[in-house]
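Reading the structure
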Amino acid sequence: MGNEACDLDSTVSALALAYFLAQTSPAPKAAFVPVLNIPRADFALRTETTFLLRDRGIPAASLIFRDEIDLGGLHHAGLLSLTLVDHHVLPGADAALEEAVVEVLDHRPLERDRGPPCQVTVEPVGSCATLVTERILQGPPGVLDRTTAALLHGTILLDCINLSPAAGKVTPRDVACVSLLEERFPELPARDAVFQALYAAKFDITGLTTEQMLRKDLKVLSSDDVVVPISGIFEDLETFLHRPGLLQDLEAFCQARGYAGLVAMTVSFNERHEPTRKLAVYSRQEPLRSTLCRALEEATTPSLLLQPLPSPEPCVVAYAQGNAVATRKKVLPILRAALGGLGAAGGSEEEAVPPPTPMNSLVEECPLAQAVPPLCPQDVLERVSRIAAGQPPGSPK
């Protein structure tokens, strides 16, 4: 299971690792279920993911989402072993599942130790899909198929900004994995074509409301009674801040979910793949807004090199981020520490549970207006049996 942002890296890492384990596990009765850690209704907002899966012939109907499987019930029955990919700390709402975690694959700094028997692989690579690729390539020959290779290849390229050193994300291990996948499957599309298509899909916000934009790439931090989301916004910050009715939309978004404020982070890349990052802090509560702003301005690990930008509203503080290689992964600990100073419980990461997504133009054949279809245990086993039978992740029957 990936993290609650459920971006392309999280999704593909879960799919590919589950497929590999199903092919190589010595346990004949084990079912390896890749779980996408969002409600099905939210899948339409993950535009780069829907694009790549559709391009590879993987229908959304074959996927299993978090609101379609009772992990707590499986754990209570003693039937759950949980592998975490692209994160290693479960949100507070999933605390009861901690003892079910048997393995972790992640590429962000380790925030907590996990003792035996949990197997932990945490490496500072650009993409968690790189760690999954290494794991598969170290396994028996013949397990990796063309579909899985294409998913991993595209994910690493998008996560590492087409392997551009200027973006500050790629490592030699990411480059090596892309090269090995291309060597094994020379028919894979050219890197530039893959990256440009996925990048365009990721930044496609056609038809999205402000509420959907805030939910598209969302992390949530909490401390005692203070809950603050951090939204990745795929639009220039100045354009976003001048959306009609923005202040009312921000207030409604926060009130509906019990958020005390919100941090928005934007990123764009020039033709040389060099990033430009900006961020904004919104809160009607001046003490909280000041606390968050001060933490970001005074941060040293890393220093964000913030420069104030004009803001249309006094309750929104905007910045240009001089340290353009400081991604959200590096900003989250700064905000978490700031929230930790507000209460004895300390800052923690929580799972966001958004309402159903309205219909928009992003994903074809996505029945967003319908209720989530019931998924019984037989449905889960039927889908998993196709993986065990040797079909690639999510392939049609």
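This text goes with the structure placed above it.
The rules we used
Residues numbered from 1 in each chain as written. Predicted model: local features only at pLDDT ≥ 70, side-chain atom pairs only at ≥ 80, totals over all residues. Heavy atoms only, no water. Helix = DSSP H or I, 4+ residues; strand = E, 2+ residues; numbered from the N terminus. Buried < 20%, exposed > 50% of the residue type's maximum accessible area, 1.4 Å probe, protein only. Contact = heavy atoms within 4.5 Å. Areas by Shrake-Rupley, 256 points an atom, 1.4 Å probe, with all protein chains shown as cover. Expected span 1.5 Å × (residues − 1). Arc of directions from axis to C-beta. Phe/Tyr/Trp six-rings, centres within 6.5 Å; stacked < 30°, edge-to-face > 60°. Core = buried A, V, L, I, M, F, W, Y, C linked by side-chain atoms within 4.5 Å. Pairing = 2+ DSSP bridges. Axes fitted to C-alpha atoms, helices over the stretch in contact; angles between N-to-C directions. Salt bridge = Lys/Arg side-chain N within 4 Å of Asp/Glu carboxyl O. Polar contact = N/O pair within 3.5 Å; in protein donor to acceptor, adjacent residues only side chain to side chain.

A few points about the overall build of the protein chain
Scanning the protein chain for helices and strands turns up 13 helices and 12 strands. A burial count over the protein chain gives 55% of its 397 residues as buried. When contacts within the protein chain are restricted to residue pairs at least 6 apart in sequence, those whose partners lie at least 24 apart make up 68%. Surface accessibility of the protein chain: about 17000 Å² in total, with carbon and sulfur atoms responsible for 56%.

A short note on helix H6 (residues 172-184)
Between its first and last C-alpha atoms H6 spans 18 Å; for 13 residues at 1.5 Å apiece the expected length is 18 Å, and the two agree. Among the residues of H6, Asp174, Cys177, Val178 and Leu181 are the ones counted as buried. For H6, the buried positions fall inside an angular range of 95° around the axis, keeping them on one side. Of the residues in H6, the exposed ones pointing more than 90 degrees away from the buried face are Pro172 and Glu183. As for H6, its buried residues are in contact with helix H4 (128-137), helix H5 (146-159) and helix H7 (191-202).

Observations concerning the packing of aromatic side chains
Using the criterion set out here, one finds six aromatic pairs in the structure. Taken together, a centroid distance of 6.1 Å and an interplanar angle of 70° make the contact between Tyr199 and Phe269 edge-to-face. Placement of Tyr199 in helix H7 and of Phe269 in strand S8 (residues 262-269) is noted, with a sequence separation of 70 residues between them. Ring centres of Phe203 and Phe234 lie 5.0 Å apart, and the angle between their planes is 90°; this geometry places the pair in the edge-to-face category. Remark: Phe234 occurs in the loop between strand S7 (226-233) and helix H9 (237-241) and Phe203 occurs in the loop between H7 and helix H8 (210-216); sequence separation between them is 31 residues. As far as the burial class goes, Phe203 and Phe234 line up, both buried. Feature note: the residues Phe195, Tyr199, Phe203, Phe234 and Phe269 constitute an aromatic cluster, connected by ring pairs.

Re the nonpolar core
Leu63, Leu152, Phe240, Leu241, Leu262 and Tyr282 are the most contacted members of the largest nonpolar core, which totals 75 residues. Top element by residues in this core is helix H1 (residues 8-24). It accounts for eight residues. With sequence-adjacent residues up to four places away left out, Tyr282 is seen in contact with Leu247, Leu250, Glu251, Cys254, Gly261, Leu262, Cys315 and Val316. Residues Leu221, Ile230, Leu292 and Cys293 belong to the second largest nonpolar core, which totals 25 residues.

Side note on the sheet that holds strand S5 (residues 119-122)
Spatially, the three strands line up as an open sheet ordered S3-S4-S5, and their pairing is parallel. The open sheet is flanked by strand S3 (82-85) and S5, the only strands paired with a single partner. The sheet shows a mean angle of 10° between the axes of neighbouring strands, direction not considered. Its contacts with the sheet place H1 against S3 and strand S4 (101-106), and it is angled at close to 140° to S3.

Considering the environment of Thr83
By the secondary structure assignment, Thr83 is in strand S3. Judged by its relative accessible area of 17%, Thr83 falls in the buried class. For the pair Thr83 and Ala100, spaced 17 residues apart in the sequence, the C-alpha separation amounts to 8.5 Å.

With respect to the pairing of S7
The side chains of a regular strand alternate, residue by residue, between the two faces of the sheet. Most of S7 sits out of view: seven of its eight residues are buried. Where strand S6 (residues 218-223) meets S7, six bridges bridge the pair, whose relative direction is antiparallel. Directly across from Ser222, in S7, lies its bridge partner Val227. Bridge count between S7 and S8: four bridges; the pairing is parallel. For Gly232, the partnering residue across the bridge sits in S8 and is Met265.

Concerning unusual backbone geometry
Cis rather than trans, the peptide bond between Thr301 and Pro302 has omega equal to 5°. Along the polypeptide, Pro302 turns up in the loop between helix H11 (286-298) and strand S10 (306-309). For Asp86, which is not glycine, the phi dihedral falls at a positive 60°. As for its placement among the helices and strands, Asp86 is situated in the loop between S3 and S4. For His273, which is not glycine, the phi torsion reads 65° and is therefore positive. Mapped onto the elements, His273 comes out in the loop between S8 and strand S9 (275-282).

Quick word on the pattern of salt bridges
Inspection of every chain in the model, using the stated rule, returns 23 salt bridges. Between Arg108 and Asp86 there is a salt bridge, with its nearest N and O atoms 2.9 Å apart. Of this pair, Arg108 sits in the loop between S4 and S5 while Asp86 sits in the loop between S3 and S4, and the two are 22 residues apart along the sequence. The same class applies to Arg108 as to Asp86, namely buried.

Remarks on the environment of Pro117
As for its placement among the helices and strands, Pro117 is situated in the loop between S4 and S5. On the accessibility criterion, Pro117 (83% relative accessible area) is exposed. When the C-alpha atoms of Pro117 and Val102 are compared, they prove to be 6.7 Å apart, with 15 residues separating the residues in sequence.

Quick word on the side chain of Ser231
Residue position: Ser231 is located in strand S7. A distance of 2.7 Å separates a polar side-chain atom of Ser231 from the backbone oxygen of Leu214. What Ser231 contacts, discounting residues up to four positions off in sequence, is Leu214, Asp217, Leu218, Leu262, Val263, Ala264, Met265 and Arg328.

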